[in-house]
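# Results of the structural survey
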Amino acid sequence: MSSQNDALNLMTQAADEGIATAGTETLAGRRLADMRDFYSYMLGEMPALIERWHATQRPRAGRS
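Presented here is an overview of the structure given in this document.

Scoring rules and cut-offs
Residues numbered from 1 in each chain as written. Predicted model: local features only at pLDDT ≥ 70, side-chain atom pairs only at ≥ 80, totals over all residues. Heavy atoms only, no water. Helix = DSSP H or I, 4+ residues; strand = E, 2+ residues; numbered from the N terminus. Rg over C-alpha atoms; globule rule 2.2 N^0.38 Å. Buried < 20%, exposed > 50% of the residue type's maximum accessible area, 1.4 Å probe, protein only. Areas by Shrake-Rupley, 256 points an atom, 1.4 Å probe, with all protein chains shown as cover. Lys, Arg positive; Asp, Glu negative; His and termini not counted. Charge placed at Lys NZ, Arg CZ, Asp CG, Glu CD. Expected span 1.5 Å × (residues − 1). Arc of directions from axis to C-beta. Contact = heavy atoms within 4.5 Å. Salt bridge = Lys/Arg side-chain N within 4 Å of Asp/Glu carboxyl O.

## Structural notes on the overall build of the chain
The number of helices and strands found in the chain is 2 helices and 0 strands. Here the C-alpha atoms of the chain give a radius of gyration of 17 Å, more than 25% beyond the 11 Å that 2.2 N^0.38 yields for 64 residues. Dimensions along the principal axes, computed over C-alpha positions, put the chain at roughly 55 × 15 × 10 Å. Counting all 64 residues of the chain, 16% fall into the buried class. Accessible surface, the chain: about 5,100 Å² in total, of which carbon and sulfur atoms supply 58%. Charge separation in the chain, taken as the distance between the mean sites of 7 positive and 8 negative side-chain charges, equals 13 Å.

What follows is the structure in structure tokens.
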């Protein structure tokens, strides 16, 4: 999961860089802001999502 968090962080940073280049008032800047906000939201939700996933899984042989 940490590699997925790294990817989400990378996408968030890329969006911020794009916003800085395109400007906040351009169509591209607004779309990048939406992208950044989405990935930031995903990062914030990931721990709870993983916790819910684990709660739904039955213990399996050989799995701790």
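## Side note on helix α1 (residues 2-22)
A rise of 1.5 Å per residue sets the reference length of α1, with its 21 residues, at 30 Å; its end C-alpha atoms lie 30 Å apart and thus fit the reference within 8%. Buried within α1 are the following residues: Leu-8, Thr-12, Ala-15, Gly-18 and Ile-19. The arc enclosing the buried residues of α1, seen along the axis, measures out at 125°, which places them on a common side. Counted as exposed and oriented over 90 degrees from the buried face of α1: Ser-2, Ser-3, Asp-6, Leu-10, Glu-17, Ala-20 and Thr-21. Tucked into the core, α1 has its buried residues touching α2 (27-56). Once α1 finishes, Gly-23 follows within two positions and takes phi at roughly 95°, a positive value.

## Focus on the pattern of salt bridges
If you walk through the whole model with that rule in mind, you get 2 salt bridges. One salt bridge connects Arg-36 with Asp-37, and the closest N-O pair in it is separated by 3.1 Å. For Arg-36, a relative accessible area of 24% translates into the label partly exposed. Where salt bridges share partners, they join Asp-16, Arg-36 and Asp-37 into one cluster.

## Remarks on α2
Over its 30 residues, α2 runs 41 Å from end to end, which matches the ideal 44 Å to within 8%, given 1.5 Å per residue. When we look at burial in α2, the residues that qualify are Gly-29, Leu-32, Ala-33 and Met-46. Against α1 lie the buried residues of α2.

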